Amino acid sequence: MKVKLKLAQVGMNMETATIVEWLKQPDEAFKKGEPLYEIETEKVTQEIEAPGDGRLLEILVAEDEDADVGQEVCLVDLEL
């Protein structure tokens, strides 16, 4: 099932974050809990984990770009 993953709020006052690094590239498979990308906020750098098994289809926010909480950052194909 194709799903656009959104930037989740990882801190109470977080409104935006910078995508520091994509740890998976398009067409690369991943397992649930495996880190997909790393974000940086004012207070912390954190890896964001995959919500399930699947494959990264498209990156929508490039490295070193800012994203707002709730903004779509990538398209994945999750296994059901």
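Residues numbered from 1 in each chain as written. Predicted model: local features only at pLDDT ≥ 70, side-chain atom pairs only at ≥ 80, totals over all residues. Heavy atoms only, no water.

### Focus on the pattern of salt bridges
- Taken as a whole, this structure holds four salt bridges when the rule is applied.
- Here Lys 24 and Glu 28 are joined by a salt bridge, their closest N and O atoms 3.7 Å apart.
- Residue class for Lys 24 comes out buried when judged on its relative accessible area of 10%.
- On the accessibility criterion, Glu 28 (32% relative accessible area) is partly exposed.
- Residues Asp 27 and Arg 55 are paired through a salt bridge, measuring 3.9 Å at the closest nitrogen-oxygen approach. Of this pair, Asp 27 sits in the loop between β2 (16-22) and β3 (29-30) while Arg 55 sits in strand β6 (residues 54-59), and the two are 28 residues apart along the sequence.
- For Arg 55, a relative accessible area of 34% corresponds to the partly exposed category.
- Salt bridges sharing common partners tie together Lys 24, Glu 28 and Glu 34. (Salt bridge = Lys/Arg side-chain N within 4 Å of Asp/Glu carboxyl O. Buried < 20%, exposed > 50% of the residue type's maximum accessible area, 1.4 Å probe, protein only. Helix = DSSP H or I, 4+ residues; strand = E, 2+ residues; numbered from the N terminus.)

### What to know about the sheet that holds strand β5 (residues 45-49)
- One open sheet accounts for four strands, arranged β5-β4-β2-β7; its pairing is antiparallel. Edge positions in the sheet fall to β5 and β7 (66-68), since each has one partner strand and no second. Across the sheet, the mean angle separating the axes of adjacent strands is 40° when strand polarity is ignored.
- Bridge analysis of β2 against strand β4 (residues 35-40) gives four bridges, and the strand direction is antiparallel. Within β4, the position partnered with Ile 19 by the bridge is Ile 39. (Pairing = 2+ DSSP bridges. Axes fitted to C-alpha atoms, helices over the stretch in contact; angles between N-to-C directions.)

### Focus on the nonpolar core
- Grouped together as the largest cluster of nonpolar side chains are 19 residues, with contacts concentrated most on Leu 7, Tyr 37, Ile 39 and Val 73.
- Examining the composition of this core, we find that four residues originate from one element, strand β8 (residues 72-78), more than from any other.
- Not counting chain neighbours up to four residues away, the residues in contact with Tyr 37 comprise Lys 6, Leu 7, Ile 19, Glu 21, Trp 22, Leu 23, Gln 46, Glu 47, Ile 48 and Val 73. (Core = buried A, V, L, I, M, F, W, Y, C linked by side-chain atoms within 4.5 Å. Contact = heavy atoms within 4.5 Å.)

### Considering the layout of surface pockets
- The space that makes up the largest pocket amounts to roughly 260 Å³.
- Together, Val 10, Gly 11, Met 12, Asn 13, Met 14, Glu 15, Thr 16, Thr 41, Glu 42, Lys 43 and Val 44 line the largest pocket.
- When grouped by side-chain class, the residues that make up the lining of the largest pocket number four nonpolar, four polar and three charged. (1 Å grid on protein atoms, 1.4 Å probe; cavity = no way out; pocket = protein on both sides within 12 Å on 5 of 7 lines; lining within 4 Å. Points joined across faces, edges and corners; volume = space filled by probe spheres on them. Nonpolar A, V, L, I, M, F, W, Y, C, P; charged D, E, K, R; others polar.)

### Let's talk about unusual backbone geometry
- Positive phi values are uncommon outside glycine, yet Asp 27 reaches one of about 75°.
- Among the residues examined, Asp 27 registers a relative accessible area of 55% and is labelled exposed.

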